[in-house]
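Observations on the three-dimensional arrangement
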Amino acid sequence: MGLHRMGAPEPQFITVGSGARARKIAYLAQPAAREGGPGLLWLTGLKSDMVSTKAEALAAWTAARGLGFTRFDYSGHGRSEGRFEDATISDWLEESAAVLALTRGAQVLVGSSTGAHVALLLLRRLIATAPEEARRVPGLVLIAPAWDLTELMWSQLPSEARREIVELGQWIRPSDYDPAGYPITKRFIDDGRRHLLKDSPFDPGRPVLVLQGAEDRDVPIAHARALASVLPGNRVRITEIADGEHRLSRPQDLAALYDLIGQLI
């Protein structure tokens, strides 16, 4: 984590937070072909970064169509400052709002897994506190949405892991993508419980298009389907990929993703 990949573009940085909580957040901004033209804001998955397979594919797809494309690394991820174990959903939500404020024109929020949860929280926050900014968001595209992330995590944890989190303050979660695993802290779980959609549902007021694999082991398809019953307004439409897994990075998965984005641009 934090290594610069060969050939990857050099990011710019924005400082988010103040005092001891200030951290430099790395971002990449590809402008729209015309001033103020539409674009996408990409919100990554947990332990991913802004130069992942899907992010790079979206960068090429948007560039070919003259669309803007803005992406960033959460604190504790990629090129951004901070330790993963110190970061919370509150931090990532604040960072997402700060990066969105750098953009101009209509911005479709495209979130993957954890990023889908952050995208929903960002829209809810904008509707409540910055309606002018909210009006710039014509819709959301969510890939394997891990909405109410900390409750989804908690429900999947073995009892021993829950005990370690409560008593010791953290548990190291094994990962298919990282041999060292990664820490799930009590602070992270407690903070996430302040942001639950099921406790404060909201009408998104615009389409929420979901791409979900039926073979996903990280975000079960039943969890993705349940989002439609949590958000009022009949805004959620789910495209299910029968043989799709969590990453949804195959050419046919990306084609389905582009189709959903195209419906909103």
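Residues numbered from 1 in each chain as written. Predicted model: local features only at pLDDT ≥ 70, side-chain atom pairs only at ≥ 80, totals over all residues. Heavy atoms only, no water.

What to know about the overall build of the protein chain
A tally of helices and strands in the protein chain yields nine helices and ten strands. Over its C-alpha trace the protein chain gives a radius of gyration of 17 Å, about what one expects of a compact globule, namely 18 Å for 265 residues. On the principal axes, the C-alpha backbone points of the protein chain span a range of 55 × 40 × 35 Å. Across the 265 residues in the protein chain, those meeting the buried criterion constitute 54%. When the accessible area of the protein chain is evaluated, it comes to approximately 11,800 Å², of which 51% is carbon and sulfur surface. Here the protein chain carries 31 positive and 32 negative side-chain charges, and the mean point of each set is 4 Å from the other. (Helix = DSSP H or I, 4+ residues; strand = E, 2+ residues; numbered from the N terminus. Rg over C-alpha atoms; globule rule 2.2 N^0.38 Å. Buried < 20%, exposed > 50% of the residue type's maximum accessible area, 1.4 Å probe, protein only. Areas by Shrake-Rupley, 256 points an atom, 1.4 Å probe, with all protein chains shown as cover. Lys, Arg positive; Asp, Glu negative; His and termini not counted. Charge placed at Lys NZ, Arg CZ, Asp CG, Glu CD.)

So, the pairing of strand β1 (residues 12–16)
Sheet analysis places β1 next to strand β2 (residues 23–30), joined by five bridges and oriented antiparallel. Paired with V16 across the two strands is R23, which belongs to β2. Between β1 and β2, which pair antiparallel in sequence order, lie six residues; one of them, G17, sits at a positive phi of approximately 85 degrees. (Pairing = 2+ DSSP bridges.)

As for the sheet that holds strand β3 (residues 39–43)
With mixed pairing, eight strands are arranged side by side in an open sheet as β1-β2-β4-β3-β5-β6-β9-β10. Each edge of the open sheet carries a strand with a single partner, namely β1 and β10 (236–241). Across the sheet, the mean angle from the axis of one strand to that of its neighbour is 20 degrees, orientation sign disregarded. As judged from the four bridges shared by strand β5 (residues 107–112) and strand β6 (residues 140–143), these two strands associate in the parallel manner. Bridging across to β6, S112 finds its partner in I143. The strands touched by helix α8 (residues 221–230) within the sheet are β6, β9 (208–213) and β10, with β10 carrying the most contacts at an inclination of about 160 degrees. (Axes fitted to C-alpha atoms, helices over the stretch in contact; angles between N-to-C directions. Contact = heavy atoms within 4.5 Å.)

Structural notes on the environment of S200
Position of S200 relative to the elements: it lies in the loop between α7 (186–192) and β9. Classification of S200 as partly exposed rests on a relative accessible area of 38%. As a C-alpha pair, S200 and F84 span 116 residues in sequence and 27 Å in three-dimensional space.

Considering the packing of aromatic side chains
What describes a pair of aromatic rings is the distance from one ring centre to the other and the angle between the planes of the rings. One pass over the structure, following the stated rule, counts six aromatic pairs. Taking the centre distance of 5.0 Å and the plane angle of 20 degrees together, the rings of Y74 and W92 count as stacked. Separated by 18 residues along the polypeptide, Y74 in the loop between β4 (68–72) and α2 (89–100) and W92 in helix α2 bring together distant segments of the chain. With relative accessibility at 1%, the residue Y74 sits in the buried group. Overall, the relative accessible area of 0% leaves W92 in the buried class. (Phe/Tyr/Trp six-rings, centres within 6.5 Å; stacked < 30°, edge-to-face > 60°.)

As for the packing of helix α1 (residues 53–64) against helix α9 (residues 251–264)
Contact pair α1 / α9: the axes reach a minimum separation of 11 Å and the direction vectors enclose 50 degrees. Overall, the two elements α1 and α9 adopt an arrangement that is oblique. Pair α1 / α9 crosses with right-handed handedness. Where α1 abuts α9, its residues K54, A57, L58 and W61 lie against L254, L257, Y258, I261 and G262. Class assignment for the residues of the contact of α1 with α9 results in seven nonpolar, one polar and one charged. (Parallel < 35°, antiparallel > 145°, perpendicular 65-115°, else oblique. Left-handed = near helix turned anticlockwise from the far one by under 90°. Nonpolar A, V, L, I, M, F, W, Y, C, P; charged D, E, K, R; others polar.)

Structural notes on the nonpolar core
In terms of nonpolar packing, the biggest core is built from 55 residues, with L109 and L142 touching the most fellow members. Sorting elements by how many residues they give to this core places helix α3 (residues 114–129) first, with eight residues. Not counting chain neighbours up to four residues away, the residues in contact with L142 comprise G111, A116, A119, L120, V208, L209, V210, L211 and L227. Listed in part, the 23 residues of the second largest apolar core include A59, V141, I143 and I261. (Core = buried A, V, L, I, M, F, W, Y, C linked by side-chain atoms within 4.5 Å.)

Quick look at the side chain of T114
If you trace the backbone, T114 turns up in helix α3. According to the relative accessible area criterion, T114 is buried, its value standing at 2%.

Topic: the confidence of the model for the protein chain
The share of residues in the protein chain with pLDDT of 70 or more is 97%, and the mean pLDDT across the chain is 94. Taken as a whole, residues 1–6 scores under 50 in pLDDT and shows 14 contacts with residues more than four places along the chain or in a different chain. (pLDDT = per-residue confidence, 0-100.)

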